[in-house]
Amino acid sequence: MYRRGHWGVSLLVFAPVGFALVLAGRPDLAVVGGAAMLWLSMLPDWDHRLPVISHRGPTHTLAFALLVGAVGAGAGVGLTSVLGDGRATLVPFGFAIGTLAILAHLFADALTPAGIPFLWPLSTRNFSVYLTRADNTLANYVLFAVGICATAAAGFVALRVA
């Protein structure tokens, strides 16, 4: 997928999380989490910039998602010391958003014929559902629109219910 497709899938994956956060009385975390999801959405594709890592290699795996989640948890520890918010909130939040952002990217890339090596290094098998090519402009825009609509709907309903 291209950038807009990844943004759309990130928004689609985050919509129920944002909904739950608003219902739990944490709209601040919903906004921060959504922004972080978008900001991290293209992180696995930085492998294009690194000559020693192949595209859709180690950065397109569950292990990388968990690594980014661990970095997010570390950011939660740092923010806890600065903001004073409870560690019980920001550490798991950082882990969840970091991991979920990468998993959303992997899900989008798994829609393409090239697939992803999700379980590397345990397995070299590529996972794919062969739905569309990554360069399909229509698919990228449709995913983007669906993500925006899902996020808007979740926000609208959550604010009505809360």
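Residues numbered from 1 in each chain as written. Predicted model: local features only at pLDDT ≥ 70, side-chain atom pairs only at ≥ 80, totals over all residues. Heavy atoms only, no water.

Student: What is the right way to read the environment of G115 from this model?
Tutor: By secondary structure assignment, the location of G115 is in the loop between α4 (87-110) and α5 (137-161). Here G115 falls in the buried class, since its relative accessible area comes to 1%. Separated by 12 residues in the primary sequence, G115 and F127 place their C-alpha atoms 5.1 Å from one another. Filtering out sequence-adjacent residues up to four positions away, G115 remains in contact with R56, D109, A110, F127 and S128. (Helix = DSSP H or I, 4+ residues; strand = E, 2+ residues; numbered from the N terminus. Buried < 20%, exposed > 50% of the residue type's maximum accessible area, 1.4 Å probe, protein only. Contact = heavy atoms within 4.5 Å.)

Student: So what exactly am I meant to see when it comes to the pattern of salt bridges here?
Tutor: Pairing between side chains of opposite charge can happen when their charged atoms approach one another. Scanning the model with the defined rule gives three salt bridges in all. D28 is paired through a salt bridge with R26; the nearest N and O atoms lie 2.9 Å apart. Judged by its relative accessible area of 41%, D28 falls in the partly exposed class. Between R56 and D109 there is a salt bridge; the shortest N-O distance is 3.2 Å. (Salt bridge = Lys/Arg side-chain N within 4 Å of Asp/Glu carboxyl O.)

Student: Before we go on, may I ask you to explain the confidence of the model for the protein in this structure?
Tutor: Keep in mind that low pLDDT regions are not for reading the predicted coordinates in detail. Chain-level statistics for the protein give a pLDDT mean of 94 and a share of 98% at 70 or above. Averaged over each element, pLDDT in the protein is lowest for helix α3 (residues 62-83) (93) and highest for helix α1 (residues 3-23) (97). (pLDDT = per-residue confidence, 0-100.)

Student: Honestly, the nonpolar core in this entry has me stumped. Any pointers?
Tutor: In summary, soluble globular proteins display a tendency toward joint burial of nonpolar side chains. Within the largest apolar cluster, 25 residues are counted, with the highest numbers of intra-cluster contacts made by L21, M37 and I102. Top element by residues in this core is α4. It accounts for nine residues. Aside from chain neighbours lying at most four places away, what touches M37 is S10, V13, F14, I97, L100, A101 and A104. (Core = buried A, V, L, I, M, F, W, Y, C linked by side-chain atoms within 4.5 Å.)

Student: What is the right way to look at the packing of aromatic side chains in this model?
Tutor: Any two aromatic rings considered together are summarised by their centre-to-centre distance and by the angle between their planes. On inspection of all chains with the given rule, the structure shows two aromatic pairs. On the numbers, 6.0 Å between centres and 45° between planes, the contact of W7 with F144 is tilted. Of the two residues, W7 sits in helix α1 while F144 sits in helix α5, which places them 137 residues apart along the sequence. For F144, a relative accessible area of 22% gives the class partly exposed. Looking at R49, its charged tip hangs above the ring of W46, at a distance of 5.0 Å from the centre. A cation over an aromatic ring shows up here: R125 above the ring of F127, its NZ or CZ 4.4 Å from the ring centre. (Phe/Tyr/Trp six-rings, centres within 6.5 Å; stacked < 30°, edge-to-face > 60°. Lys NZ or Arg CZ within 6 Å of the ring centre and 35° of its normal.)

Student: Even after reading the chapter, I still don't get the environment of A73, so can you show me in this structure?
Tutor: Structurally, A73 can be placed in helix α3. Along the sequence, A73 and V31 sit 42 residues apart, while their C-alpha atoms lie 18 Å from each other. In this view, A73 contacts V91, G94 and F95; residues no more than four positions away in its chain are not counted.

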